[in-house]
2 protein chains.
Amino acid sequence: MATIEDVAKLTGLSRTTISRVINNHPYVSEEKRKLVLEAMEKLGYVPNSSARSLRNQKTSILALFIPRITNPFFSELVEATEIAAAEHGYQLIICQTRYSPEKELNYMNLLKTKQVDGVILASIQNEWKQLKPFLQYGPIVLCNEFDDCANVPTVRLDQVYGGYIATKHLLEQGHTKIAYCSGGYRSNVAKSREIGFKKALAEYKLTFDERYAFRDAFHIADGKRVFRQMMALSNRPTAVFTGSDEVAAGIISEALACGYRIPEHLAVVGFDNQAITELTNPTITTVHQPVKQMAQKAVDVMIEKIQTKKYDVQEIYEFPLQLIVRASTVGSELHQSEA
Amino acid sequence: MATIEDVAKLTGLSRTTISRVINNHPYVSEEKRKLVLEAMEKLGYVPNSSARSLRNQKTSILALFIPRITNPFFSELVEATEIAAAEHGYQLIICQTRYSPEKELNYMNLLKTKQVDGVILASIQNEWKQLKPFLQYGPIVLCNEFDDCANVPTVRLDQVYGGYIATKHLLEQGHTKIAYCSGGYRSNVAKSREIGFKKALAEYKLTFDERYAFRDAFHIADGKRVFRQMMALSNRPTAVFTGSDEVAAGIISEALACGYRIPEHLAVVGFDNQAITELTNPTITTVHQPVKQMAQKAVDVMIEKIQTKKYDVQEIYEFPLQLIVRASTVGSELHQSEA
DNA sequence: GAAACGAATGAAATCGTTTTCATGTTTATA
DNA sequence: TATAAACATGAAAACGATTTCATTCGTTTC
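This is a predicted model, so every value here is computed, not measured.

(A) Spotlight on the environment of His169 of chain B. Residue and element names in this part refer to chain B. Counting through the fold element by element, His169 comes out in helix α8 (residues 159-172). Through-space distance from the C-alpha of His169 to that of Val330 is 9.6 Å; in sequence the pair is 161 residues apart. The contact partners of His169, leaving out residues within four places of it in the chain, are Thr285, Leu323, Val325, Thr329 and Val330. At 2.8 Å, the side chain of His169 forms a polar contact with the side chain of Thr329.

(B) Representation of the domain arrangement of chain A within the structure. Residue and element names in this part refer to chain A. We note that the domain assignment places domain 1 (4-47), domain 2 (57-157 + 291-319) and domain 3 (159-289 + 324-330) within chain A. Look at where the C-alpha atoms of domain 2 and domain 3 centre, and you get two points 29 Å apart. Facing the 16 residues of domain 2 at the interface are 12 residues of domain 3. Taken together, the connections running from domain 2 to domain 3 amount to 0 salt bridges. Inspection of the region where domain 2 meets domain 3 yields 8 residue pairs in polar contact (both at pLDDT 80 or more). Every element with two or more residues in the side of domain 2 that touches domain 3 is listed here: α5 (72-87) and β5 (154-157).

(C) A look at helix α12 (residues 291-308) of chain B. All names here are of chain B. Compared with the 26 Å implied by 1.5 Å per residue over 18 residues, the 26 Å span of α12 between its first and last C-alpha is a close match. Along α12, the positions that sit buried rather than exposed are Val291, Met294, Ala295, Ala298, Val299, Val301, Met302, Ile303, Lys305 and Ile306. Contacts made by the buried residues of α12 are with β1 (61-66), α5 (72-87), β3 (118-121), β4 (140-143), β5 (154-157) and β11 (316-319). Phi turns positive, to about 65°, at Lys309, one or two residues after α12.

Cut-off values and rules
Residues numbered from 1 in each chain as written. Chains lettered and ligands numbered in written order. Predicted model: local features only at pLDDT ≥ 70, side-chain atom pairs only at ≥ 80, totals over all residues. Heavy atoms only, no water. Helix = DSSP H or I, 4+ residues; strand = E, 2+ residues; numbered from the N terminus. Contact = heavy atoms within 4.5 Å. Polar contact = N/O pair within 3.5 Å; in protein donor to acceptor, adjacent residues only side chain to side chain. Domains from an automatic or database assignment. Salt bridge = Lys/Arg side-chain N within 4 Å of Asp/Glu carboxyl O. Expected span 1.5 Å × (residues − 1). Buried < 20%, exposed > 50% of the residue type's maximum accessible area, 1.4 Å probe, protein only.

Here it is as structure tokens:
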């Protein structure tokens with residue numbers, strides 16, 4: 001492998017001058033610049049990134065923390081983040097915490113060992129006080145997930161509003177017995193949606209019924225299970241709010257398989273506006289999350305923090321959520337367009 | 001940030017000894033070892049990975065090339081690859097080529113600049129002769145996608161067989177007018193499936209009808225479009241082979257929306273055995289691909305190549321495909337179990 | 001009791017860049 | 001025309017680790 005020294009030798013110039021050419025610094029004569037470029041071409045020279053990283057104290061790599069990538073919401077987030085990072089000349093390392101606090105802390109060492117320039121947390125498995133000490137090693141940006149205690153930039157969506165509009169929509173259809181599904185107790189995203197859910201209920205003078213709450217629903221299979229659990233209740237709900245389209249699809253699938261009709265017997269609202277919402281029959285009413293914009297903003301903010309080196313500032317960037325009404329909640333009437 | 005020098009100063013020892021402790025080298029007295037570990041703890045010292053990479057000529061990072069991660073097949077591949085890499089102490093950089101040869105070549109420079117120790121290609125956008133020169137900079141392992149010209153380790157599935165069993169299944173149901181769907185002309189995966197498709201037809205003395213071929217179907221929306229195109233044909237097919245469950249789901253969804261019945265009016269077979277195959281009604285007959293095993297093997301082979309430094313050996317590791325019969329091809333009869 | 005060996009440690013070179021500082025050469029300015 | 005300013009270049013230090021080679025000391029071995 002050719003090094004800068006080889007280029008220097010071949011051209012008869014110093015390493016300094018070669019470096020100047022590489023980095024487009026001024027004060028290199030046009031003649032020498034040509035010479036250097038030719039030599040680099042001839043030797044197939046390309047700068048070694050480890051050496052650059054060491055010298056520049058910067059790797060041009062970001063880490064993105066997610067629980068698991070096969071959740072389509074996170075796939076979409078990763079896709080958008082990778083594209084945004086690439087536009088800024090950054091590479092993206094994927095860290096799947098698999099909902100494990102230990103794995104999360106372990107991946108955090110990427111920041112401490114300077115293997116990455118910054119960490120974007122799209123999910124959080126530890127208390128913030130466990131994570132906070134890592135801030136001394138580099139920037140952390142929260143994206144999607146959030147924590148009020150965290151004194152770092154946060155790009156988020158108004159999940160309280162999301163839970164609210166979805167639930168209000170069900171209430172407006174005349175439902176009073178509404179079940180609640182979410183994925184995980186730890187996530188503030190889930191907690192916020194629950195607050196919005198309760199807020200909507202309260203406006204209709206209804207109280208939250210714990211027997212209608214299912215907080216361990218992540219996948220399609222969980223949706224199927226939840227449906228069976230709901231139907232086993234003495235006072236069955238007539239509608240259900242879910243934290244993901246996958247769970248909603250699972251519920252619908254199981255309901256149809258059991259001979260129920262959607263939304264007549266059970267109205268279902270999903271979350272995320274994934275592709276499957278248009279696939280199932282009936283199609284799924286859901287809440288659209290502007291994932292691309294969120295990811296793009298998170299990367300932009302991250303780059304800025306890397307440059308300014310001020311990591312411990314709590315800035316909140318919030319994007320709007322939007323209810324998409326489809327057939328799983330409103331029967332055969334005409335649906336609202338998707339905007 | 002504390003460096004090894006700081007630890008040396010605090011303990012009154014040399015950098016050499018500290019390094020020995022870090023790397024578990026012999027010839028360090030237990031007394032000094034304790035001393036060093038305490039000092040490292042006290043200073044919060046952790047080795048700088050750029051410095052290590054430079055000195056050791058090794059980054060402990062792998063790059064995984066995929067077209068886009070939101071394709072569930074690739075999500076699954078990334079998930080499994082990341083887990084396998086982590087088990088070996090490697091990080092994973094995601095490279096989405098977005099079907100662009102230029103982007104692919106650009107990402108290839110990660111190998112040349114030594115930012116990664118190896119590249120796993122799960123999709124190929126260039127001719128092998130474009131890629132081959134990068135072999136001098138580090139190992140390339142093919143995983144899922146393949147190329148007969150490529151003199152590198154290849155972990156693959158028998159796609160000819162996959163196309164064959166899926167098609168044969170349709171033929172066995174009595175179909176003679178079978179349409180063919182795939183994603184992309186460039187992929188050898190798609191080409192192989194087509195060979196298997198034709199082979200099955202040939203066994204039944206049928207010939208391939210180009211009017212039944214749709215080679216630009218990737219997403220759900222493409223499936224919907226393809227269905228409409230098929231129905232516009234003068235001599236409509238009664239069955240269709242697709243290269244992905246998403247496309248199959250799109251076809252089924254559109255068919256149902258247009259008032260057709262599956263499989264009575266159209267039998268549909270998908271590929272990948274994604275979660276949606278169990279969601280749609282009818283459920284989708286498909287071909288299961290052992291993605292986890294494939295990813296695991298690819299990482300294992302990669303690690304071995306990194307160690308042995310012999311990159312240009314063509315070794316082929318092949319995993320079996322399996323037909324999963326569901327309702328989209330066999331009506332209401334009892335289905336074969338999933339094994 | 002000298003030679004040989006193994007254990008424990010450190011000085012300095014090395015990995016491949018970038019940057020600081022110094023120096024020499026032009027060109028512009030008063 | 002002296003002099004400041006701009007341009008062009010290079011030597012050497014720095015980034016933070018690991019490794020090679022010496023060196024010292026204690027223990028066997030014959």
